[in-house]
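Residue-level structural notes
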Amino acid sequence: MSGKIRAVLCGCGGICKAWLNPIAGFNDIEMVGLVDLNLESAEKIKQEFKLENAVTGTDLKAVLKKAKPDVVFDCTIPLAHPDVTITALKKGCHVLGEKPMAESMKAAQKMVKTADAKKKIYAVIQNRRYMDNIITYRDFIKSGEMGEITTLNADFYIGAHFGGFRDVMKHVLLVDMAIHSFDQARFISGKDPVSVYSQEFNPKGSWYAHGASAIAVFEMTDGVVLTYRGSWCAEGMNTSWECDWRAVGAKGSCLWDGGEKIKGQAASNAEGFFRTQKDFNLPVEKKLVHTGHAGLIREFVDCVKSGGTPQTICHDNIKSLAMVHAAVKSAETGKKIEIKI
Ligand SMILES: NC(=O)c1ccc[n+]([C@@H]2O[C@H](COP(=O)([O-])OP(=O)(O)OC[C@H]3O[C@@H](n4cnc5c(N)ncnc54)[C@H](O)[C@@H]3O)[C@@H](O)[C@H]2O)c1
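Residues numbered from 1 in each chain as written. Predicted model: local features only at pLDDT ≥ 70, side-chain atom pairs only at ≥ 80, totals over all residues. Heavy atoms only, no water.

**Quick notes on the overall build of the chain**
The criterion, for reference: Secondary structure elements follow DSSP: runs of H or I of four or more residues count as helices, runs of E of two or more count as strands, with numbering from the N terminus. Each residue is assigned to one of three classes by its accessible area relative to the maximum for its type, calculated with a 1.4 Å probe on protein chains only: buried under 20%, partly exposed between the two thresholds, exposed over 50%. Under the convention used here, a 1.4 Å probe and the Shrake-Rupley method define accessible areas, while residue burial counts only the protein chains that appear. None of His or the chain ends enter the tally, which takes Lys and Arg as positive and Asp and Glu as negative. Where a charge sits is defined by one atom per residue type, namely NZ (Lys), CZ (Arg), CG (Asp) or CD (Glu).
Within the chain one finds 9 helices and 15 strands. Across the 341 residues that make up the chain, the buried fraction comes to 55%. Only carbon and sulfur atoms are counted for the fraction: they give 51% of the accessible area of the chain, which is about 15700 Å². Across the chain, 44 positive and 39 negative side-chain charges occur, with their mean positions spaced 5 Å apart.

**Digging into the sheet that holds strand β7 (residues 149–157)**
How we decide: Strand pairing is assigned whenever DSSP identifies at least 2 bridges connecting the two strands. Throughout, a residue-residue contact means that at least one pair of heavy atoms, one from each residue, lies within 4.5 Å. Orientation is described by lines fitted to C-alpha atoms, with helices fitted over the stretch in contact, and by angles between N-to-C directions that extend from 0 to 180 degrees.
If you walk across this open sheet you meet the 9 strands as β14-β13-β12-β11-β7-β10-β9-β8-β15, and the pairing is mixed. The outermost strands of the open sheet, each flanked by one partner alone, are β14 (277–279) and β15 (337–338). One ladder, built from 2 bridges, connects strand β8 (residues 193–201) with β15; its direction is antiparallel. Its bridge partner lying in β15, Ser-195 is registered against Glu-338. Running over the sheet, helix α6 (residues 132–143) touches β7, β11 (244–249), β12 (252–256) and β13 (262–267) and is turned about 175° from β12. Its contacts with the sheet put helix α9 (residues 314–333) on β8, β9 (213–220), β10 (225–231) and β15, and the angle it makes with β8 is roughly 50°.

**With respect to the side chain of Ser-181**
In this structure, Ser-181 sits in helix α7 (residues 172–189). When sequence neighbours within four positions are dropped, the list of residues in contact with Ser-181 reads Tyr-228, Cys-243 and Trp-245.

**So, the site of the ligand**
To keep things clear, this is the line we draw: Whether a residue is near a molecule or strand is decided by its heavy atoms; if any one of them lies within 4 Å of it, the residue is near. Counted as a polar contact is a pair of N or O atoms within 3.5 Å, where, for protein atoms, one must be capable of donating a hydrogen and the other of accepting one, and residues adjacent in sequence contribute only when both atoms are in side chains. Note on definitions: the grid is 1 Å and covers protein atoms alone; a cavity is a set of points where a 1.4 Å probe fits but cannot get out; a pocket is an open set with protein on both sides within 12 Å along at least five of seven lines; lining residues have an atom within 4 Å of a point. Should more than half of a molecule's atoms lie within 2 Å of a pocket's or cavity's grid points, that molecule is taken to sit in it. Residue classes follow a fixed rule: Ala, Val, Leu, Ile, Met, Phe, Trp, Tyr, Cys and Pro count as nonpolar, while Asp, Glu, Lys and Arg count as charged, and any other residue, Gly among them, counts as polar. The start and end points of each domain follow an automatic or database-based domain assignment.
In the region of the ligand, 24 residues are neighbours, and Ile-15, Asp-36, Lys-99, Asn-127 and Asp-176 sit closest. One nitrogen or oxygen atom from the side chain of Asp-36 is found 2.6 Å from an oxygen atom belonging to the ligand. A distance of 3.3 Å separates an oxygen atom of the ligand from a polar side-chain atom of Arg-166. Look at the ligand: alone it shows 840 Å² of surface, and the protein chains cover 80% of it. Under a 2 Å grid-point criterion requiring more than half of the atoms, the pocket assigned to the ligand is the largest pocket. The class makeup of the residues in the shell around the ligand is 10 nonpolar, 8 polar and 6 charged. The residue makeup of the shell around the ligand includes at least three contributed by each of domain 1 (5–124) and domain 2 (131–287 + 322–338).

**Digging into a positive patch on the surface**
We apply this condition: A patch consists of residues whose relative accessible area exceeds 30% and which take part in no salt bridge; residues with like charges are grouped when within 9 Å of each other, and nonpolar side chains (Val, Leu, Ile, Met, Phe, Trp, Tyr) when within 5 Å. The salt bridge criterion pairs a side-chain nitrogen of Lys or Arg with a carboxyl oxygen of Asp or Glu, the two atoms within 4 Å.
On the surface, Lys-61, Lys-65, Lys-68, Lys-90, Lys-91, Lys-106, Lys-110 and Lys-118 cluster together to form a positively charged patch. If one sorts the elements of the positive patch by residue count, helix α5 (residues 105–118) sits on top with 3 residues. Among the structural elements, Lys-91 can be located in the loop between α4 (81–90) and β5 (94–97). On the basis of relative accessible area, Lys-91 is assigned to the exposed category, the value being 52%.

**A look at the sheet that holds strand β4 (residues 71–74)**
Ordered by their spatial adjacency, 6 strands build an open sheet running β3-β2-β1-β4-β5-β6, and the pairing between neighbours is parallel. The open sheet is flanked by β3 (55–57) and β6 (122–124), the only strands paired with a single partner. Here the average twist between neighbouring strands, direction ignored, is 20°. Of the pairings in the sheet, the one linking strand β2 (residues 29–35) to β3 comprises 3 bridges and is parallel in character. Each bridged residue has a counterpart across the sheet, and for Val-35 the counterpart in β3 is Gly-57. Together, β2 and β3 form the strand contacts of helix α2 (residues 39–48), whose direction differs from that of β3 by roughly 155°.

**Some words on the domain arrangement of the chain**
How large an interface is tends to be reported as the accessible area lost when its parts come together. Entries for the chain in the domain assignment read domain 1 (5–124) and domain 2 (131–287 + 322–338). Here domain 1 and domain 2 have C-alpha centroids that lie 30 Å from each other. On the domain 2 side, the residues contacting the 8 residues of domain 1 number 8 residues. One salt bridge connects Asp-176 with Lys-99, and the closest N-O pair in it is separated by 3.5 Å. Summed over the shared surface of domain 1 and domain 2, the result is 2 residue pairs in polar contact (both at pLDDT 80 or more). Taken together, the residues of the side of domain 1 that touches domain 2 break down into 5 nonpolar, 1 polar and 2 charged.

And the structure:
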């Protein structure tokens, strides 16, 4: 496919600006349609981003018919993702959609099947893979300098007052947020999930209706253990949105605060109760031309043009989603759950 890619964006709420800002800087994407259940939201975005040629509407099918796009960007709420994605795929469009794929594995599997049947790309926004620091951290762990990874700990403590769909959503932390952290854990460790035991709770003082906090222990492939402790209603001493990480290897450990700070140590001798520790030298390497949403949108559009496969293709991303739904099932049943994709 050559020339400009025609795109329709569905869901003109909070996150859509994180898409339209970078898109404005890509001269090979033409926004030809905007859809929202609330027409005013679509019109407002049309004006703000000066998208004079974009068709607006409340019904995706009708806008697709008029705008004839190559791709659909799904920025709707999680509950709407299956319908929006399947409608777009069936109309012959490639889809890049917001996380999480779906609120159930059954719905996500149907989305993957539809993408396969229609021979279209369906990829998911996991913008945290497109950060310079996570790549430095992942590459260091992969280098083997701290020995083979055995343990990964992720802590997420944020007091976020959103309002809107999250306030009433079931399993809000695990389904709407932990998908990012679980996908990061797969990216950092290079391991896939095997089983999980989790406990979910809505602590005293929570301003969410359900499941604002959770603790989960995953077994990953090659015996790696991943722990996740998270809360979306934690005031004070917040972590970054990207989590606080500790990776332990056979020879050393490495920490990342989710921001600029990465530091690690390993024993430098083989004697004494406590071995002498030497610091790893970990320069933060700037590698990416486009980061976050911009990085993934760029990769997706390049793949649509060249026939390539984005790294967050649905066939891979469903493994991160499986971690979410297994953690939910474990919390609901009180049992350790095997993760089958
Ligand atoms: N990747 C990230 O870092 C990140 C950050 C925030 C939100 N998100 C994700 O983005 C998605 C949207 O979140 P938000 O905060 O923008 O929510 P929001 O409620 O602000 O916006 C969602 C919009 O979608 C519209 N909508 C809902 N169902 C629709 C449908 N069937 N057809 C057309 N429009 C529909 C709503 O009217 C609303 O305007 C969620 O999946 C969320 O998890 C991702």
